[in-house]
Amino acid sequence: MNNNLPADTIARAVEALHHQRVIAYPTEAVFGVGCDPDSETAVMRLLDLKQRPVEKGLILIAADFEQLKPYIDDSVLSDAQREAVFSRWPGPVTFVFPALASTPRWLTGRFDSLAVRVTDHPLVIALCRQYGKPLVSTSANLTGQPPCRTTDEVLAQFGPDFPVVAGATGGRLNPSEIRDALTGELFRQG
């Protein structure tokens with residue numbers, strides 16, 4: 001674990017999150033944009049920015065599994081299913097879980113499920129720990145543009161005043177693999 005994390009940039013990002021703003025941060029492969037998953041205002045700002053319909057649903061990224069429990073129903077998983085998920089976490093694999101009935105529709109979209117990931121990226125872990133909860137996470141790019149892989153690319157696409165946790169991505173070429181937590185079905189190759 002990198003103990004030289006940029007505390008000031010993380011503190012500024014957390015402050016932006018508290019003000020219902022959208023931020024950018026490096027993930028395992030590309031930069032993500034994210035916000036407070038419990039703030040409808042923040043999520044709508046993110047969807048507006050991305051020109052993404054709410055019906056598609058979103059991904060939550062977290063420092064640990066405990067941060068995801070308020071949003072997903074893991075009680076339906078067998079021991080084997082749970083073992084399959086935890087054998088891939090923390091890491092660049094997103095799993096789709098049944099959502100709790102209390103999980104906001106602005107996160108689940110038209111689904112009764114929610115895509116979630118426990119990351120192994122040290123900056124995202126620090127960010128989620130300092131904020132105290134997971135973040136909405138989708139690739140940092142405007143419609144029709146490639147996903148950003150550097151801080152400079154984020155600022156070029158989103159503007160010089162966009163809040164960014166500066167840092168390097170995890171070096172993976174592709175965004176996270178997405179699988180069904182119950183069936184193991186592959187939805188997106190990683």
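Below, the structure is looked at part by part.

Reading the values: rules and limits
- Residues numbered from 1 in each chain as written.
- Predicted model: local features only at pLDDT ≥ 70, side-chain atom pairs only at ≥ 80, totals over all residues.
- Heavy atoms only, no water.
- Buried < 20%, exposed > 50% of the residue type's maximum accessible area, 1.4 Å probe, protein only.
- Helix = DSSP H or I, 4+ residues; strand = E, 2+ residues; numbered from the N terminus.
- Pairing = 2+ DSSP bridges.
- 1 Å grid on protein atoms, 1.4 Å probe; cavity = no way out; pocket = protein on both sides within 12 Å on 5 of 7 lines; lining within 4 Å.
- Points joined across faces, edges and corners; volume = space filled by probe spheres on them.
- Nonpolar A, V, L, I, M, F, W, Y, C, P; charged D, E, K, R; others polar.

Focus: the pairing of strand 6 (residues 135-139)
A large share of strand 6 lies buried, amounting to 4 of its 5 residues. With 2 bridges connecting them, strand 2 (residues 31-34) and strand 6 associate as antiparallel partners. Counterpart to valine 33 in the pairing with strand 6 is threonine 138. In this structure, strand 3 (residues 59-62) lies alongside strand 6, joined through 3 bridges in antiparallel fashion.

As for the layout of surface pockets
A water-sized probe, rolled over the atoms, reveals where empty space remains. As a volume, the largest pocket reaches approximately 650 Å³. In this structure, the largest pocket is lined by 32 residues; those nearest its centre are Arg52, Ile59, Ser137, Ile178 and Arg188. For the lining of the largest pocket, the secondary structure elements donating two or more residues are strand 2, helix 4 (105-108), strand 5 (113-118), strand 6 and strand 8 (186-188). It is strand 5 that provides the largest number of residues to the lining of the largest pocket, a total of 4 residues. Among the residues making up the lining of the largest pocket, the classes are represented as 15 nonpolar, 10 polar and 7 charged.

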